[in-house]
Structure formats: C-alpha cells, structure tokens
Amino acid sequence: MTLFPKPTSYYEQGFKRSPALERATAPFRFRNAVTGAGLVVFCSAVYAYSIMAVRQDDFSDIQLPAHMVGQVAQKPKEESTSA
C-alpha cells in the first residue's frame, strides 16, 4: 500500500499525446480554432484601425505661436572638451 500513488497522465513517454488525450480534446478542436481565428481577426482589426486613425491626423489648420514661426528644430551643439 502506497501513501502517494503515481499520478496518471494523458501524456506518454517523451510527452507524446496519448490516444486518450486525443479523444478527450477532439470535441473542442473546432471551437478552439474558431475562437483563435476570431481573436487574431479582432486584434488585427484593432491594430489596423489604430494605424489608420493616426495616419489621417492633419495639423495644417493649427496655427503656430508667433515665437515658433520660422524656427527650425536643431540639435544643440556639443561642446568639445579638451583634457
């Protein structure tokens, strides 16, 4: 009599799927595939909508403040230090 019996598993030696596991998961394969495809389509649609929404932004109707007109964004000059 053992206190801790060996747990049973649906996986065979080498982590291969056993026939019992194949039978147990068979009813859910189609539904899982449809759910996965739906998630991929939804995520792709959200991504595409986000990219298209950002791409259509147009700031040409916004006037720049007077002190900004004519300025060009320039990098600050790096000071060379001699040691």
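Preceding this section is the structure that the text describes.
No experiment lies behind these values; they were computed from the predicted model shown. (Residues numbered from 1 in each chain as written. Predicted model: local features only at pLDDT ≥ 70, side-chain atom pairs only at ≥ 80, totals over all residues. Heavy atoms only, no water.)

1. Thoughts on the environment of E22
No. 1: In this structure, E22 sits in helix α1 (residues 19-25).
No. 2: Exposure remark for E22: the relative accessible area of 31% places this residue in the partly exposed category.
No. 3: Each C-alpha atom of the pair E22 and Y10 lies 8.9 Å from the other, and the pair is 12 residues apart in sequence.
No. 4: Those residues in contact with E22 that lie beyond four places of it in its chain are R17 and R29. (Helix = DSSP H or I, 4+ residues; strand = E, 2+ residues; numbered from the N terminus. Buried < 20%, exposed > 50% of the residue type's maximum accessible area, 1.4 Å probe, protein only. Contact = heavy atoms within 4.5 Å.)

2. A look at a nonpolar patch on the surface
No. 1: On the surface, Y10, Y11 and F15 cluster together into a nonpolar patch covering about 400 Å² of accessible area.
No. 2: Relative to the assigned elements, Y11 resides in the segment before α1.
No. 3: For Y11, a relative accessible area of 42% translates into the label partly exposed. (Patch = residues over 30% accessible without salt bridge, like charges linked within 9 Å, V, L, I, M, F, W, Y side chains within 5 Å. Areas by Shrake-Rupley, 256 points an atom, 1.4 Å probe, with all protein chains shown as cover. Salt bridge = Lys/Arg side-chain N within 4 Å of Asp/Glu carboxyl O.)

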